[in-house]
Amino acid sequence: MDIPRIFNIMESEHRIHNPFTPEKFATLGAALRLEPGNRVLDLGCGSGEMLCTWARDYGVIGTGVDMSQLFSEQARLRAEELGVDDQVTFIHDDAAGYVSDKKVDVAACVGASWIGGGVAGTVELLAQSLRSDGIILIGEPYWRQLPPTEDIAKSCLANAISDFLVLPELIASFRRQGYDVVEMVLANQDGWDRYEAAKWLTMRRWLEANPDDELAQEVQSKLTSEPERHAAYTREYLGWGVFALMPRFCFKSD
């Protein structure tokens, strides 16, 4: 079980597999008012940076699930490096359908909403692991500005303009699903640069070490095309954020 090998190659040096920076994760942890002993589930956890740093900084207890064998091993090593391997557990598995056997204070899927077939399905999946007063975290792209053509949307690695919403519509979609949006932290263009541009040197070094690999031509093609594509499209059109949700508060009638 693994993700396509090309992604393991391109992101092998990443600690964070989305446009967030360490500072953004620190901001998010503080915004959620995390406390020691809070239990966190992270589906599609990548290399475990969010869980590991929150365990170090806030004393949370966490479980992360990811389909990449490489990223799962990197997460375990990061936990050991930060001295929190007794607080966090990383499972190499398909996060789709994963439900915690213990209810958690925070259930997160930060940038992997395909595990639930989209945002709505992923929110429903996370809710199954959540305490009644807990918080769901969903990380998702949105359009900073609507692409004028479908071709531009595809250059942002979307299948179509309809794949993503503009920010107000994304927030409204959570309300329609029955949730209050109680916090949000948004990535910026610098975060996109760190996520995308960090792949380029990784690909170049990989090519130098693996010129005869069966994926060498594909990696070379991406190294050639990705800098211009990112500068022209992703950086200008695509936003990304993490949204904190709680089931809508309902007043009790007399």
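Residues numbered from 1 in each chain as written. Predicted model: local features only at pLDDT ≥ 70, side-chain atom pairs only at ≥ 80, totals over all residues. Heavy atoms only, no water.

Q: Which parts of the structure should I look at to understand unusual backbone geometry?
A: Excluding glycine, residues mostly carry a negative phi; peptide bonds, for their part, are mostly trans. The phi dihedral of R33 falls on the positive side, at around 60°, and the residue is not glycine. Relative to the helices and strands, R33 resides in the loop between α2 (22-31) and β1 (39-43). A positive phi angle, near 70°, is found at L157, a position not held by glycine. Its place among the elements puts L157 in the loop between α6 (150-155) and α7 (167-176). For L157, a relative accessible area of 57% corresponds to the exposed category. (Helix = DSSP H or I, 4+ residues; strand = E, 2+ residues; numbered from the N terminus. Buried < 20%, exposed > 50% of the residue type's maximum accessible area, 1.4 Å probe, protein only.)

Q: Explain the sheet that holds strand β4 (residues 104-110) here, please?
A: Picture the strands of a sheet paired through backbone hydrogen bonds; they go either parallel or antiparallel. With mixed pairing, the seven strands of this open sheet are ordered in space as β3-β2-β1-β4-β5-β7-β6. The sheet is open, and its two edges are formed by β3 (88-92) and β6 (179-186), each paired on a single side. Averaged over all pairs of adjacent strands, the angle between strand axes in this sheet comes to 20°, irrespective of strand direction. Bridge count for β4 against strand β5 (residues 130-143) is six bridges, and the pairing is parallel. When the bridges of β5 are listed, V106 appears paired with I135. Its contacts with the sheet place α2 against β4, β5, β6 and β7 (238-247), and it is angled at close to 150° to β6. (Pairing = 2+ DSSP bridges. Axes fitted to C-alpha atoms, helices over the stretch in contact; angles between N-to-C directions. Contact = heavy atoms within 4.5 Å.)

Q: Sorry, what's going on with the layout of surface pockets here?
A: Sizing a probe to match a water molecule and rolling it over the atoms shows the empty space that remains. In this structure, the second largest pocket spans a volume of roughly 320 Å³. L32, R33, N38, D133 and I135 are, among the 15 residues lining the second largest pocket, the residues nearest its centre. By residue class, the composition of the lining of the second largest pocket is seven nonpolar, two polar and six charged. (1 Å grid on protein atoms, 1.4 Å probe; cavity = no way out; pocket = protein on both sides within 12 Å on 5 of 7 lines; lining within 4 Å. Points joined across faces, edges and corners; volume = space filled by probe spheres on them. Nonpolar A, V, L, I, M, F, W, Y, C, P; charged D, E, K, R; others polar.)

Q: Help me understand the packing of α2 against helix α3 (residues 49-58) in this model?
A: When two helices pack together, you describe them by how their axes are tilted relative to each other and by the distance separating the axes. Put simply, α2 and α3 touch, their axes get as near as 10 Å, and they point 55° apart. The pairing of α2 with α3 is recorded here as oblique in orientation. Where α2 crosses over α3, the two elements pack in a sense that is right-handed. Here F25, A26, L28, G29 and A30 of α2 come into contact with α3, specifically with M50, W54 and Y58. When the residues that make up the contact of α2 with α3 are grouped by side-chain class, the tally is seven nonpolar, one polar and no charged. (Parallel < 35°, antiparallel > 145°, perpendicular 65-115°, else oblique. Left-handed = near helix turned anticlockwise from the far one by under 90°.)

Q: Got a minute to help me understand the nonpolar core in this structure?
A: One broad trend across soluble globular proteins is that nonpolar side chains are buried collectively. Judged by nonpolar contacts, the single largest core of 41 residues is most densely connected at F20, L28, L137 and W143. For this core, the element with the highest residue contribution is α3, accounting for five residues. Dropping the residues within four chain positions of it, W143 is found in contact with A153, C156, A158, A160, I161, F164, L165, V166, L167, Y237 and L238. Core analysis: the second largest hydrophobic core is formed by 23 residues, C109, V119, Y142 and Y179 among them. (Core = buried A, V, L, I, M, F, W, Y, C linked by side-chain atoms within 4.5 Å.)

Q: Looking at this structure, how should I read the pattern of salt bridges?
A: Pairing is possible between side chains that carry opposite charge, provided their charged atoms lie close to one another. In this structure the tally under the stated criterion is 15 salt bridges. Among the salt bridges present, the one from E81 reaches R78, with a minimum N-O distance of 3.1 Å. Highlighted residues: E81 and R78, both in helix α4 (residues 69-81), separated by three residues, approximately one helical turn. Classification of E81 by relative accessible area gives exposed; the value is 52%. For R78, a relative accessible area of 9% corresponds to the buried category. Close ionic contact of D133 with R131 constitutes a salt bridge, the shortest N to O distance being 3.3 Å. Assessed through its relative accessible area of 45%, D133 is described here as partly exposed. One network of salt bridges, with partners in common, ties together E11, E196, K199, E226 and R229. (Salt bridge = Lys/Arg side-chain N within 4 Å of Asp/Glu carboxyl O.)

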